[in-house]
Amino acid sequence: MLITIPDVLTSEELTQARAILDAAEWVDGKLTAGYQAQAVKENLQLPESHPAAVKLGEMVLAALARSPLFMSAALPLKVFPPMFNRYTGGGHFGTHVDTAIRSLASTGQRIRTDVSATLFLTAPDRYDGGELIVEDTYGMHSVKLPAGHMVLYPATSLHHVTPVTRGERVSSFFWIQSMIRADGDRTLLYDLDTAIQRLAKESHRNPIGVQLTGVYHNLLRRWAEM
Ligand code: NI
């Protein structure tokens, strides 16, 4: 499932994030790439331990915590601390799959990457190119979102970022270990939750809604890994 989460950051948070990121020193993105990805990665990143990355990462995590859509779509168990990248002057990232298991530099804690997230921090009219292209069995999906919007996609997907030929594209990217490992199971729970929410809007005390909520929780109880 590929899903857009609009307005993750407020316009004040975006302005603050851009000011901090514009003043930061960036390093070569190859430093955090795996062996295969190194060969195709041409961008800049903030080091994981950079104070700006830590501060803004906390801002992003707080924003995710107040998003019911994120919770329903990702069913997060652990969220990797958000990182930040910048593409400019033809910068791009060729086709790759994200590393399955990542360790936190600070604690060594390991996270299985089930869901990949890109939070766009630059308005799309400020740069040309820089589309995130996600491949699945339905074809290629091109994603270029307004600043503050985020896309979630299965970390199992092949994906790439097309060259940025004008301006610069700054984003936050990170991974989620979901309580539900398989994308198909997660999608099913998301669809069920969405239907329950729609039903609840139409009639608040519908007994069918109560029964379906029970089914949702019992599926979650059956499938969740903690
Ligand atoms: Ni990637």
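Check the entry above for the structure.
Now for a description of the structure that goes with this document.

What counts and what doesn't
- Residues numbered from 1 in each chain as written.
- Predicted model: local features only at pLDDT ≥ 70, side-chain atom pairs only at ≥ 80, totals over all residues.
- Heavy atoms only, no water.
- Buried < 20%, exposed > 50% of the residue type's maximum accessible area, 1.4 Å probe, protein only.
- Helix = DSSP H or I, 4+ residues; strand = E, 2+ residues; numbered from the N terminus.
- Pairing = 2+ DSSP bridges.
- 1 Å grid on protein atoms, 1.4 Å probe; cavity = no way out; pocket = protein on both sides within 12 Å on 5 of 7 lines; lining within 4 Å.
- Points joined across faces, edges and corners; volume = space filled by probe spheres on them.
- Nonpolar A, V, L, I, M, F, W, Y, C, P; charged D, E, K, R; others polar.

A closer look at the pairing of strand S10 (residues 115-120)
(1) Moving on: Along S10, 6 of the 6 residues are buried, which leaves the element largely enclosed by surrounding structure.
(2) Moving on: Of the two faces of S10, both are covered, the one formed by Val-115, Ala-117 and Leu-119 as well as the one formed by Ser-116, Thr-118 and Phe-120.
(3) Moving on: Pairing between S10 and strand S14 (residues 150-154): 5 bridges, direction antiparallel. Its bridge partner being in S14, Ser-116 is matched across the sheet by Tyr-153.
(4) Moving on: In the sheet, S10 pairs with strand S17 (residues 168-178) via 6 bridges, with the strands oriented antiparallel. Along S17, the bridge assignment pairs Ala-117 with Phe-174.

Focus: the sheet that holds strand S12 (residues 132-136)
(1) Moving on: In spatial order, the strands read S3-S7-S15-S12-S13; together these 5 strands make up an open sheet with antiparallel pairing. The open sheet terminates on both sides in strands that have one partner only, identified here as strand S3 (41-42) and strand S13 (139-143).
(2) Moving on: Bridge analysis of S3 against strand S7 (residues 92-96) gives 2 bridges, and the strand direction is antiparallel. Considered in S7, the bridge of Lys-41 is made with Phe-93.

Some words on the layout of surface pockets
(1) Moving on: Looking at the largest pocket, its volume works out to about 360 Å³.
(2) Moving on: As for the largest pocket, its lining consists of 30 residues, of which Phe-93, His-96, Asp-98, Phe-173 and Trp-175 are closest to the centre.
(3) Moving on: Among the elements of the structure, helix H2 (35-38), strand S6 (83-88), S7, S10, strand S15 (159-161) and S17 are those that each provide at least two residues to the lining of the largest pocket.
(4) Moving on: The dominant element in the lining of the largest pocket, judged by the number of residues it contributes, is S17, at 5 residues.
(5) Moving on: Partitioned by chemical class, the residues of the lining of the largest pocket number 14 nonpolar, 12 polar and 4 charged.
(6) Moving on: Each pocket or cavity is described by its volume, and for the second largest pocket that value is around 240 Å³.
(7) Moving on: Lining the second largest pocket are 13 residues, and of these Glu-48, Ser-49, Val-54, Pro-81 and Ser-106 sit closest to its centre.
(8) Moving on: Tallying contributions element by element places helix H3 (residues 51-65) first for the lining of the second largest pocket, with 5 residues.

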